[in-house]
2 protein chains.
Amino acid sequence: MKDTAFDVPYKIYLGEHEMPDKWHNIRAAMKEKPEPFIHPATGKPCVKDDLLPVFCEELVEQELNVTDEYINIPDEILSFYKMFRPSPLVRAYCLEKVLDTPAKIYYKFEGNNTSGSHKLNSAAAQAYYAKKQGLTHLTTETGAGQWGSALSMACAYFGLELTVYMVKVSSEQKPYRKVLMETYGAKVVPSPSDTTEIGKKILSENPGTGGSLGCAVSEAIEIAVKSQKCRYVLGSVLNHVLLHQSVIGLETKLAMDKYGLKPDVIIGCAGGGSNLGGLISPYMADKIRGNNNIEFIAVEPASCPSFTRGKYALDFGDTGQTTPLIKMYTVGSGFIPSPNHAGGLRYHGMNPALSKLYHDGYMTAKSYIQSDVFAAAEKFARCEGILPAPESAHAIKGAFDEALKCKETGEEKVILFGLTGTGYFDMTAYQSYHEGKMSDSVPTDEDLQKGFNTLPNIS
Amino acid sequence: MKDTAFDVPYKIYLGEHEMPDKWHNIRAAMKEKPEPFIHPATGKPCVKDDLLPVFCEELVEQELNVTDEYINIPDEILSFYKMFRPSPLVRAYCLEKVLDTPAKIYYKFEGNNTSGSHKLNSAAAQAYYAKKQGLTHLTTETGAGQWGSALSMACAYFGLELTVYMVKVSSEQKPYRKVLMETYGAKVVPSPSDTTEIGKKILSENPGTGGSLGCAVSEAIEIAVKSQKCRYVLGSVLNHVLLHQSVIGLETKLAMDKYGLKPDVIIGCAGGGSNLGGLISPYMADKIRGNNNIEFIAVEPASCPSFTRGKYALDFGDTGQTTPLIKMYTVGSGFIPSPNHAGGLRYHGMNPALSKLYHDGYMTAKSYIQSDVFAAAEKFARCEGILPAPESAHAIKGAFDEALKCKETGEEKVILFGLTGTGYFDMTAYQSYHEGKMSDSVPTDEDLQKGFNTLPNIS
């Protein structure tokens, strides 16, 4: 589609008065809804009361809401958003030149806040609802550290205590992420720890373990359910997280509409799906309604290929198999990905609404090996200035390939991708790329089968 | 002065079409000019030819230009600026609430680019002029790493080779800064090194030395003067650097004027003076002309008090005593500041134009110990979101004190400060603050006298 607008600036910033005041709930637009969560003990759909001991009440309501397409953003959250939103929609003029492509490339940049990623959009909302409910304390887990950092900022802002269970090996590899969270007042506990029963059990069985995300989730939930004043919060996968992240897509659409721009392709990296789901939300609703024919592309690491090589099946959300069962694309909660620096994309499953949309053919997916992703990241950084997070660089690589296709065909497509965050805390990954020490291993079919073997027998 | 504007947004972003297309040269507005550089061998003012072997030609012209108040920004630089400018002018609503002050606090935030600071404003310009002159290679030194990072980005953009001499102890303490520069294609050499004669000499005399900024400068200059295709560039202190940084003040003034805002106090941290000089430039010109009565406050670390305890004297710009002599506030080129994490504020001297303005009573200065600065930084981060660089946090502490004065007096002053950058690469400093291990030592009169003893005898 031709870019008909004259004089598109390098960065389109909406005014604060133009910011969306409602989130977009993609499930309301879906003709066939994603399947409900299943209670693993009863085999029946989960109801509100099943989730209340773990999650904040309003978040549970949002999680279960498949009917309201727009949900008001409370003023308190809007005020917080104004500290770092609207985020810029950037026209990648320099990149287009370097790639020598007729494509028009745009990216929505979510890294201009101290947490360094889009995670703050949901952290702000979740902390607000916790405060409103009269809670005093939240728990969560973090792997790569972006979510933990974002939630630390949100809890500092709303005056909540926060305990972050950080995968032990991550807390050792990324000591600065830990300091960052502490600067915002969070208590960071390397997991497994002796602060929980499950942590003690794991430590006694595996004294030297570096921990895992699954274990950190279990510790965080254990603390949360013990107290009336405490709940557990999660930074991806769940539908209410995608709801909050829809602010990314809504702003993007407003900004593009303002300049008469219509994307032909929208690309997002996909771990649990929060950024991708947020970015595409309003555009996907239009596609479902037959109002556009945009190609949506999810990009994941070849080392953890939930969409491209996973199964659409009921699975647990955590390695400890304590959560409700979720119908989603998954490589199995017991799948162990090879070491991969894009920590945010190592999750075994995928948001259930996105899974359903992918299953129904509304979007496609592809995967890349890590070295190719870092090569794209470095090229991007040198011409566009911004140093991308390894996760975001997957979307960059996807955009490169689409732009190069246009070079071959001569098509002037409008390519939009989500630049979810910055890589300031990922310099060791860039270093191993420079030194040629980066692992590009991809799971064998046998590796995947081991993961699939951990899928529950119900389905 | 009362804030008469209704509905000032959290962040004022100028449109790209509103960006200044000229820099502001404060020296042209000064009734008494700063004294010219003196050639140490002849005792006479330096002329263009004295500086050409070291610096790019157009930069030398800008350095010597005390008559043109406005200098055109070339289109190529404007295009580069559009990748990260205009920068936001932020109304610190949350901070005002936390401080419970009637003051209206604004900050110009220069950290929204990968180099993490305002340094990119001058790096962009210097790399452009080098390219235009047909050079292929630049050299520089870096201590804290912000300048080296900014110049790496600019050289990647314009296609220039760059060698950064990084103080050896800094390159070991801040390995990620090194990786960042390498990601943008720069060659980073820990200094002293065996790549130069001066480096070899220092290494043979002090085999275990961690290096110094002075030594790194000498190495970078030695390489630059050896080649017709190479020049040396500097990130602060010099007048042409302040000229480029005036884009900060010009944008600020445009944004404030748009909302009818007139600052009563302007505060900036001061190392070599580039950010402070850039921020105040157009406002200072108005003050010189009697059009405002703004209070300008330079904030420096108590560990390196050039303004507050230094002498206004002719001094060398580098520890190696190889540069022209500069009339400036200085604690002596041989002064050794105690370890201080605000690496960018450890310079012994101060830009000559700012020195003259301070000497003539147009501005004031104060200093703070490091722990007080980090306490302010942490409080700021928790309410405003942004994690400040240690250097920038000096200005924050200054703004806190002015805002608290307003709380006592009830005055609704408009306080503006420069938030020059982010602290992502300074987490070890935040960590030592949390752990109570931060040094707050302040030089004794005897320590200062040792520095003054290294001043040249001419004056």
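## Some words on the environment of Ser355 of chain B
All names here are of chain B.
Piece 1. Along the chain, Ser355 falls in helix α15 (residues 352–359).
Piece 2. Counting along the chain gives 317 residues from Ser355 to Ile38, while the straight-line C-alpha distance between them is 16 Å.
Piece 3. Once residues within four sequence positions are removed from consideration, Ser355 is found in contact with Phe307, Tyr312, Lys327, Met328, Tyr329 and Met350.

## Things to note about the nonpolar core
Piece 1. The biggest cluster of nonpolar side chains holds 243 residues, and the ones touching the most others in it are Met363 of chain A together with Met363 of chain B.
Piece 2. Not counting chain neighbours up to four residues away, the residues in contact with Met363 of chain A comprise Leu276, Ile280, Met284, Phe296, Ala298, Phe307, Leu354, Leu357 and Tyr358 of chain A.

## Concerning the pattern of salt bridges
Should their charged atoms come close, side chains of opposite charge can pair.
All names here are of chain A.
Piece 1. Applying the stated rule across the entire model yields 54 salt bridges over all chains.
Piece 2. Across the pair Glu182 and Lys178 runs a salt bridge, and its minimum N-O distance is 3.1 Å. Here Glu182 pairs with Lys178, and both are found in helix α9 (residues 175–183), just four residues apart, close to one helical turn.
Piece 3. On the accessibility criterion, Glu182 (23% relative accessible area) is partly exposed.
Piece 4. Looking at Lys178, the relative accessible area reads 24%, which means it is partly exposed.

## Comments concerning the sheet that holds strand β4 (residues 89–91) of chain A
All names here are of chain A.
Piece 1. Pairing is mixed across the open sheet formed by seven strands, whose spatial order is β1-β4-β5-β15-β10-β11-β14. The outermost strands of the open sheet, each flanked by one partner alone, are β1 (11–12) and β14 (364–368).
Piece 2. Direction of pairing for strand β11 (residues 295–301) relative to β14: parallel, over a ladder of five bridges. Across the sheet, the residue bridging to Val299 is Lys366, located in β14.

## Some remarks on the interface of chain A and chain B
Many descriptions give the size of an interface as the accessible area lost when the pieces come together.
Piece 1. Each partner contributes to the interface: chain A provides 41 residues, whereas chain B provides 41 residues.
Piece 2. Between chain A and chain B the total buried area reaches about 3,700 Å² when both faces are included, carbon and sulfur atoms providing 62% of it.
Piece 3. The tally of links from chain A across to chain B stands at two salt bridges.
Piece 4. Between Lys11 of chain A and Glu16 of chain B there is a salt bridge, and its shortest N-O distance comes to 3.2 Å.
Piece 5. The interface formed by chain A and chain B holds 21 residue pairs in polar contact (both at pLDDT 80 or more) in total.
Piece 6. Looking at the side of chain A that touches chain B, the elements that each hand over two or more residues are α7 (146–158), α9, α16 (370–384) and α18 (427–434) of chain A.
Piece 7. Split by residue class, the side of chain A that touches chain B holds 22 nonpolar, 11 polar and eight charged.

Quick notes on the rules
Residues numbered from 1 in each chain as written. Chains lettered and ligands numbered in written order. Predicted model: local features only at pLDDT ≥ 70, side-chain atom pairs only at ≥ 80, totals over all residues. Heavy atoms only, no water. Helix = DSSP H or I, 4+ residues; strand = E, 2+ residues; numbered from the N terminus. Contact = heavy atoms within 4.5 Å. Core = buried A, V, L, I, M, F, W, Y, C linked by side-chain atoms within 4.5 Å. Buried < 20%, exposed > 50% of the residue type's maximum accessible area, 1.4 Å probe, protein only. Salt bridge = Lys/Arg side-chain N within 4 Å of Asp/Glu carboxyl O. Pairing = 2+ DSSP bridges. Buried area = accessible area lost by both parts, 1.4 Å probe. Polar contact = N/O pair within 3.5 Å; in protein donor to acceptor, adjacent residues only side chain to side chain. Nonpolar A, V, L, I, M, F, W, Y, C, P; charged D, E, K, R; others polar.

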